[in-house]
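# A closer look at the structure
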Amino acid sequence: AHTGNLELQANLVPVASHMLTFGLVGNFDDIVSSSTLYGSHADFGAAVYFQDEIRFDDLVRLTAGGRYDFQKVVGLEAASQLSPKFGLVYTPDKRTTIRASAGRGFRAPSIGEIYISAATYAAVVVPNPALKPEHSWSYEVGGSHLIADRVLLDAALFWSEFSDLIEAGVSFDVDRNSPVIKFDNVTRARIQGAEFSIKSDWFRKVLHTEVSYTYVWPKDRTEDQILRFRPRHLFYTSASLSYKALSLGVDFRYITKVDRIDEKLVQLAPVQDGRARVPIRVVDARASLDLGRVGVPLIVRFNVNNLLQYNYVELIGN
């Protein structure tokens, strides 16, 4: 695959109370494949965006802007959208910030989602050139507070409304005499939740720790049920130790098992242990060495993912 990206950005400060940002983004993807998994396809797109940040005083900052996206897969109809965004930040003192934002979102389907074509022992995966982009509106309100210059508390409530949500659906094809899986715009969805985090620095920023918890309520508004394959609780913690050129870190994430799976897929495409669901408990470790301190322009990193070799389920039978 050949991928090209171009981005231009400019910041203008005409007066002390304004900061105007605008830019242009472009992309081009060319997939050349001898297999039938995706085939050979190309897509391209561009986006132009702008944002004006207005400071009324030291307490209030308002941002307003927009972005226009255009995306086209060669041979298919183009997709585009104008997405506005608004934000408000209130800073009653140097340690406390209160924020609110609202914005529209847009995601064009990928070439993989449109053209994937595969056969497994349980089902056939077929392409869908009629796949449409996802659209959304998102809202957030939150705040943060700094304690003793080393502990940052942050909390937020969020709400997102999705239309034409892209998901893999299953049906039975009589001609193929087999279950068929296809990415499609299957539903309207609402995702609500809250997030809390604590970040802290210790021993003159030698040790950095972070703990966060997210509660999510993902609702399928078409079926009036919880969305499939979405967890409700996510817990994340990390610690990193930095001294001179050496940095060591460890991360742990805990995700509860999903409440709902695709029962239709399990029934039509029988998969061994298809209904198996478990929580995710994964430990990752990392280390890095910055040789720039000894005159060598090089950073060496070593990562170990899933250090404890914990087996878990992401999708049906996987």
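Scroll up for the structure.
First, a word on scope: everything that follows refers to the structure included in this document. (Residues numbered from 1 in each chain as written. Predicted model: local features only at pLDDT ≥ 70, side-chain atom pairs only at ≥ 80, totals over all residues. Heavy atoms only, no water.)

### Looking at the overall build of the protein chain
- When its secondary structure is counted, the protein chain shows two helices and 17 strands.
- Projecting the C-alpha coordinates of the protein chain onto the three principal axes gives extents of approximately 65 × 50 × 50 Å.
- Each of the 318 residues in the protein chain was classed as buried or not, and the buried ones make up 31%.
- Taking contacts inside the protein chain between residues at least 6 apart in sequence as the whole, the part at least 24 apart equals 54%.
- Carbon and sulfur atoms provide 59% of the accessible area of the protein chain, an area that totals close to 19400 Å².
- In the protein chain, 35 positive and 36 negative side-chain charges are present, and the distance between their average locations comes to 5 Å. (Helix = DSSP H or I, 4+ residues; strand = E, 2+ residues; numbered from the N terminus. Buried < 20%, exposed > 50% of the residue type's maximum accessible area, 1.4 Å probe, protein only. Contact = heavy atoms within 4.5 Å. Areas by Shrake-Rupley, 256 points an atom, 1.4 Å probe, with all protein chains shown as cover. Lys, Arg positive; Asp, Glu negative; His and termini not counted. Charge placed at Lys NZ, Arg CZ, Asp CG, Glu CD.)

### As for the side chain of E134
- Locating E134 in the fold gives a position in strand 9 (residues 134–147).
- Once residues lying within four places of it in the same chain are set aside, the contact partners of E134 are G105, F106, R107, S163, D164, L165 and I166.

### Some points on the environment of A118
- Residue position: A118 is located in strand 7 (residues 118–119).
- A relative accessible area of 25% means that A118 is categorised as partly exposed.
- A118 sits 183 residues away from R301 along the chain, and the two C-alpha atoms are 36 Å apart.
- Those residues within four positions of A118 in sequence are excluded, and the remaining contacts are L37, V124 and V125.

### Points about the pattern of salt bridges
- Under the criterion given, the structure shown has 20 salt bridges.
- Its salt-bridge partner being D164, residue K132 comes within 3.8 Å of it at the nearest N-O pair. Of this pair, K132 sits in the loop between strand 8 (124–125) and strand 9 while D164 sits in strand 10 (residues 151–173), and the two are 32 residues apart along the sequence.
- With relative accessibility at 43%, the residue K132 sits in the partly exposed group.
- D164 gets classed as partly exposed once you look at its relative accessible area, which sits at 24%.
- In this structure, R228 and E223 form a salt bridge, with 3.9 Å as the shortest nitrogen-oxygen distance. (Salt bridge = Lys/Arg side-chain N within 4 Å of Asp/Glu carboxyl O.)

### A few points about the packing of aromatic side chains
- Within the structure shown, the criterion is met by two aromatic pairs.
- Arranged with centres 6.2 Å apart and planes meeting at 15°, the rings of Y310 and Y312 form a pair that is stacked.
- A residue is classified by how much of its surface remains accessible, and Y310, at 22% relative accessible area, is partly exposed. (Phe/Tyr/Trp six-rings, centres within 6.5 Å; stacked < 30°, edge-to-face > 60°.)

### Description of the pairing of strand 4 (residues 60–73)
- Taken together, the 13 bridges between strand 3 (residues 41–55) and strand 4 define a ladder with antiparallel strand orientation. Within the sheet, the bridge partner assigned to Q51 lies in strand 4 and is G65.
- If you look at the hairpin formed by strand 3 and strand 4, you'll find four residues sitting between the two strands.
- Summarising the sheet, strand 4 and strand 5 (residues 79–93) pair through 12 bridges and their orientation is antiparallel. Residue pairing in the sheet places R67 in a bridge with S83 of strand 5.
- Joining the antiparallel neighbours strand 4 and strand 5 is a turn of five residues, in which G75 adopts a positive phi near 95°. (Pairing = 2+ DSSP bridges.)

### Section: the environment of S136
- By secondary structure assignment, the location of S136 is in strand 9.
- What makes S136 buried here is its relative accessible area of 12%.
- Along the chain, S136 and F106 lie 30 residues apart, while their C-alpha atoms are 6.5 Å from each other.
- Non-local contacts of S136, meaning those with residues more than four positions away in its chain, are made with G103, R104, G105, E161 and F162.

### Overview of the nonpolar core
- In terms of nonpolar packing, the biggest core is built from seven residues, these being V73, L76, I111, I114, Y115, L131 and I166.
- A per-element tally of this core places helix 1 (residues 111–115) first, with three residues.
- Beyond its immediate chain neighbours, meaning those up to four positions away, L131 contacts P109, E113, I114, I166, F183, D184 and N185.
- With six residues, the next largest nonpolar core counts I116, A123, V125 and I181 among its residues. (Core = buried A, V, L, I, M, F, W, Y, C linked by side-chain atoms within 4.5 Å.)

### Some thoughts on the side chain of E113
- By the secondary structure assignment, E113 is in helix 1.
- Reaching out from E113, the side chain makes a polar contact with the side chain of R107 at a distance of 3.2 Å.
- Looking at E113, its side chain comes within polar contact range of the main-chain nitrogen of S110, at 3.0 Å.
- Sequence-distant contacts of E113, that is, excluding residues within four places in its chain, are made with R107, L131, I166 and F183. (Polar contact = N/O pair within 3.5 Å; in protein donor to acceptor, adjacent residues only side chain to side chain.)

### Remarks on unusual backbone geometry
- You will see that A148, though not glycine, has its phi angle at about 55°, which is positive.
- Considering the arrangement of structural elements, one finds A148 in the loop between strand 9 and strand 10.
- Unusually for a residue other than glycine, Q309 sits at a positive phi of about 55°.
- Take Q309: it is sitting in the segment after strand 17 (299–304).
- Taking relative accessible area as the criterion, Q309 reaches 61% and is therefore assigned exposed.

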